[in-house]
Structures are given as structure tokens and as C-alpha cells.
Amino acid sequence: MVILVTHNRHSYNRQAAGYEKRWKAYLDHTHKEFLRRIEVRKADRVLDISCGTGLLAEELIKRNAPFGELVLNDISEEMIAIARQRVGEHPNINFIDYPADQFPEPAQLFDLILCLNAFHHYGNQKQVVEHFHTHLKPGGRVCILDWNRIGLFRPVNKIINWITPEHIETRSDREMKALLTQAGLTIQSLDIWPFRYWRFFYFEAKRITNIE
Ligand SMILES: C[S@@+](CC[C@H](N)C(=O)[O-])C[C@H]1O[C@@H](n2cnc3c(N)ncnc32)[C@H](O)[C@@H]1O
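The following paragraphs examine the structure supplied in this document. A quick note: this is a predicted structure, and the numbers were derived from the prediction, not measured.

Some points on helix 8 (residues 173-182)
Turning to helix 8, its buried residues number three or more, namely Met176, Leu179 and Leu180. Taken around the axis of helix 8, the buried residues stretch over an arc of 95 degrees, which confines them to a single face. Helix 8 presents Arg174 and Gln182 as exposed residues on the side facing more than 90 degrees away from its buried surface. Those residues of helix 8 hidden inside the fold are in contact with helix 6 (125-135), strand 6 (186-195) and strand 7 (198-206). Of the residues trailing helix 8, glycine 184 is marked for its positive phi of about 95 degrees.

Structure representation (C-alpha cells):
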């Protein structure tokens, strides 16, 4: 798993400067779709688990999302450096740099975990989803938008896998649903849709309290 993280870190460090330009259409689409589905509630403690260059954080600030604290995490020093330049001045934003499957014991839990365009990069995905559960407050929510390995996207995904240096392990919506459910999370919503040759899913899942 350490090797996978190193591959991803190096690859994103190399592409950080050109990332937004190269992937503009893709990023515009996925960010728009994510933003219209997620709901940040008043004083929420929010984790963006793979924040990249901080595009999502910037948009949340522009839209006056009422978070109490927004924690931006990423393993790539170069991606997170751009995020720092972009939103680092904000008083309620903090930065951390853990691999998604190696999060430490939580000192403080989150109301909302955001995972955009990144789940397919994680090594131990079962562990990541268990971390989602243990790092959420009871009643807390996780929102995930990622590639959906179904239909014609399967062969495309294979080609992407051959030509990119990053670790890529894409899930179908069925597999993702099973992962979330097995970790004790309750699915609140699921959308699937195509965009160009990609297929996407959006999941919102909740850590249910004992009394719900
Ligand atoms: C495609 S980018 C998405 C960034 C951002 N969420 C966005 O939509 O612009 C994937 C991000 O995942 C990060 N990443 C890759 N492997 C990771 C891991 N194991 N743990 C945490 N972040 C990881 C990369 O450094 C990169 O910034």
C-alpha cells in the first residue's frame, strides 16, 4: 500500500501545475454535479479527503457554505501547495496530508466527509470506507462522486489503467454500495449518469445514530 501511495503522490506532484488546465472540462462537469448534490450545514466540521488543488473549497467559500471548519487533506505536496495558495488564508480552513486508508484515530469527528474524483486511487478501499464510518459523528454524512465501472466504461477504464502511472481501482455502483453498507453506513442517495466516455456515481451515505 505504501508503494501505491508513493506512485500517486509522485504522479500528482508532477502534474499539479497543469492539472486544472488539462482536465478543465472533466473538472467543470464533476464539480458542478457534486456541488449541486452536497449540502453543507451550519457549523459543519467538513473533511475534503483528497482536496487536490482546492477547487472545491474555493467554490464552497464563494457560495458562502456555512461550515464551521473545513479540513483539506491530500497526499500530494504540490497539489496541496496550490490549495494553500488558493484558500489558505481562510480562518476556518486547515490542512493535513494522510493517505485515505491510513487516517489516525480521530481526535474530533466530522459532520461531513467529501470525496470527489479520488476514490478510485485508494489502495485499501475497505479500510477507507471504515475510516469514513469511524471519523463521522453519529448522523454524519459522506458524499462520494467517482467513476462507475459499468458498461462501456469498463474497456475505457482498462486503457486508462494501462496509460496512467497512478494506482487506479475503479468500483461499480453495486460494489460501492456493498462497501459502504458493509462498513455500517446507510445509503441516503445514489445517482448514476454518463459524461462523454465516463460513467459516474454519486453516493451519499450516513452514519446512523443508535436511536434513528
Ligand atoms: C483527480 S484528483 C481530484 C482532486 C480534487 N478532489 C478535484 O476534484 O479536483 C485525485 C487526488 O487524489 C489524491 N490522492 C491520490 N491517492 C490518494 C490517497 N491514497 N489518499 C489521499 N489522497 C489521494 C491525489 O493526490 C489527487 O490530488
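Moving on from the model shown.
Details of the site of the ligand
The full set close to the ligand counts 19 residues, and Asn8, Ser50, Gly52, Ser76 and Ala100 are the nearest of them. The dominant element in the shell around the ligand, judged by the number of residues it contributes, is helix 1 (residues 2-15), at three residues. Per-class residue counts for the shell around the ligand are 12 nonpolar, six polar and one charged.

What counts and what doesn't
- Residues numbered from 1 in each chain as written.
- Predicted model: local features only at pLDDT ≥ 70, side-chain atom pairs only at ≥ 80, totals over all residues.
- Buried ≥ 20, exposed ≤ 12 C-beta atoms within 10 Å, placed from the backbone.
- Helix = DSSP H or I, 4+ residues; strand = E, 2+ residues; numbered from the N terminus.
- Arc of directions from axis to C-beta.
- Contact = placed C-beta atoms within 7 Å.
- Near = placed C-beta within 6 Å.
- Nonpolar A, V, L, I, M, F, W, Y, C, P; charged D, E, K, R; others polar.

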